[in-house]
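Remarks on the overall topology
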Amino acid sequence: MTTKYILIAVLALAIISCNAQENKQQNNKKNKHSEAVLLKNADSYLTKDVIIKKDSVSNHVRIYKQKGATGKYITIIPSLGRGVEDFTELYNSTITTKLVEAGYTVVLIQPRGIGRSKGDLTPKNVLLKDMANDIKTTLDSLGIKKLHIIGHAFGNRLARTFATMYPNYVDGLAVLASGGGFELDIEAQKCLRGSFTMSLPDDERVKMIACAFFAKGNDASIWLNGWYPKLAAAEIHASNSINGDFYKKAGGKRFLLVQAMEDFVAPPEKAGRALKNELGDQVTYIEIPGAGHALTSEKPNEVAAVLIKYFK
């Protein structure tokens, strides 16, 4: 995440009313992507729903797998200020379902501050290493010592941080919509600010979300809800408090980088291709057409297919 990106997000977050945002998410009757959809898909494979506690942190974990499955574990780390529901049908994503149907056991660990996951989100108190430790605590409690890790957008930083800190846990690594290392133009700044400004009317905010996160013609209303500003503020500070060189090479692990070809805030030529050029053979690079920064909700089947092929 660039300095300018961080400053933009901080300014946007400053005008957000957290309580109003949470109430809006709970009461917005216009959201056509209801939990009923989730129950017919990913939730059909839900086998465990638990809270794992350590000290003052509680991690809400949901595990999805087919009956009798003994395949490898996968966890997915979500984007800035968003939750793991982004990888389910609740937000138009089939990724969890596709991974389960390919034989994997998917472990979704909700970030602290969302729902039943609790923990200190005071920005000065939370570092990327603390968030990585939330994941490790959960895995240790579940007896998982080896797994594949997928990180989306901000989550790619945390995934590579985890791989750097705990390389023995990481059997495979993939990052989606990886950005940073360049300055955003004025239009991108405007769209990002609008996406985080919960006081805007829904139709105006959807336009901002479409601009920042979705390819032209794709339904940005999918992401109208599901934003957690307190978490985002902590994640921004955590990213800004570490030298990116610490996690850039993911502890030397080879990894897959999936780049959306119409990503406005992380254009391929400035983001994915640049990282591939820098790290060379360490990175397997794939581009997904017709998608933006929200590629997990725009082209979930295509993303899932690439992940499954790479991990196998």
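Everything below is about the structure shown above.
Overview of the structure. (Residues numbered from 1 in each chain as written. Predicted model: local features only at pLDDT ≥ 70, side-chain atom pairs only at ≥ 80, totals over all residues. Heavy atoms only, no water.)

Side note on the sheet that holds strand 8 (residues 283–288)
Put simply, the rule is: Pairing between two strands requires that DSSP report at least two bridges joining them. Helix and strand definitions follow DSSP, with helices as H or I runs of at least four residues and strands as E runs of at least two, each counted in order from the N terminus. Angles run from 0 to 180 degrees between N-to-C directions of axes, and those axes are lines fitted to C-alpha atoms, restricted for helices to the stretch in contact. Whether two residues are in contact is decided by their heavy atoms: any pair within 4.5 Å suffices.
One open sheet accounts for 8 strands, arranged 1-2-4-3-5-6-7-8; its pairing is mixed. Strand pairing shows two members of the sheet lacking a second neighbour, strand 1 (46–54) and strand 8, which therefore form its edges. Mean inter-strand twist for the sheet, computed between neighbouring axes without regard to direction, equals 20°. By the bridge criterion, 3 bridges tie strand 6 (residues 170–176) to strand 7 (residues 255–260) in an arrangement that is parallel. When the sheet's bridge partners are listed, Ala174 is paired in strand 7 with Leu256. Helix 11 (residues 272–279) contacts strand 7 and strand 8 of the sheet and is inclined by roughly 165° relative to strand 8. Against the sheet, helix 13 (residues 300–311) touches strand 3 (73–77), strand 5 (147–152), strand 6, strand 7 and strand 8, its axis set at about 150° to strand 6.

Side note on the packing of aromatic side chains
Our working definition: Stacked, tilted and edge-to-face pairs are distinguished by plane angle, under 30 degrees for stacked and over 60 for edge-to-face with tilted covering the rest, among Phe, Tyr and Trp rings (Trp via its six-membered ring) whose centres lie within 6.5 Å. When a residue's accessible area, from a 1.4 Å probe over protein chains only, is under 20% of the maximum for its type it is buried; when over 50% it is exposed; and in between it is partly exposed. Charge-over-ring contacts are defined here by two conditions on Lys NZ or Arg CZ: a distance within 6 Å of the ring centre and an angle within 35 degrees of the ring normal.
Summed over the entire model, instances satisfying the criterion amount to 9 aromatic pairs. Taking 6.1 Å as the distance between ring centres and 70° as the angle between the ring planes, the aromatic pair formed by Tyr166 and Tyr169 counts as edge-to-face. Ring geometry for Phe214 versus Trp223: centroids 5.8 Å apart, planes at 90°, classification edge-to-face. Side by side, Phe214 and Trp223 carry an identical accessibility label, which is buried. Linked through ring pairs, Phe196, Phe213, Phe214, Trp223 and Trp227 together constitute an aromatic cluster. The ring of Tyr91 carries Arg82 above its face, with NZ or CZ at 5.1 Å from the centroid. For the cation-ring pair, Lys136 lies above Tyr166, with the distance from its terminal atom to the ring centre recorded as 5.5 Å.

Brief notes about the packing of helix 5 (residues 128–142) against helix 6 (residues 154–165)
Axes are the key here: two packed helices are described by the angle between their axes and the distance separating the axes. To be explicit about the condition: Convention used here: angles under 35 degrees read as roughly parallel, angles over 145 as roughly antiparallel, angles from 65 to 115 as roughly perpendicular, and any remaining angle as oblique. Helix crossings get a hand from a simple test, with the near helix turned counterclockwise from the far one by less than a right angle marking a left-handed crossing and a clockwise turn marking a right-handed one.
Packing of helix 5 against helix 6 brings their axes to within 9 Å, and their N-to-C directions diverge by 70°. Viewed along their axes, helix 5 and helix 6 adopt a mutual orientation that is roughly perpendicular. Handedness of the helix 5/helix 6 crossing: right-handed. Together, Leu128, Lys129, Met131, Ala132, Asn133, Ile135, Lys136 and Leu139 of helix 5 and Phe154, Leu158, Thr161, Phe162 and Met165 of helix 6 make up the contact between the two elements.

Quick notes on the state of the cysteines
Let me state the cut-off plainly: The disulfide criterion used throughout: a pair of cysteine sulfur atoms within 2.5 Å.
Scanning all chains against the criterion turns up 1 disulfide. Residue pairing for Cys191: its cysteine sulfur links by disulfide to Cys211, the two sulfurs lying 1.8 Å apart. Measuring handedness by torsion sign, the sulfur bridge of Cys191 and Cys211 sits at about 75° and is right-handed. With Cys191 in helix 7 (residues 186–196) and Cys211 in helix 8 (residues 202–213), this residue pair connects regions lying 20 residues apart in the sequence. As far as burial versus exposure is concerned, Cys191 and Cys211 are alike and both buried.

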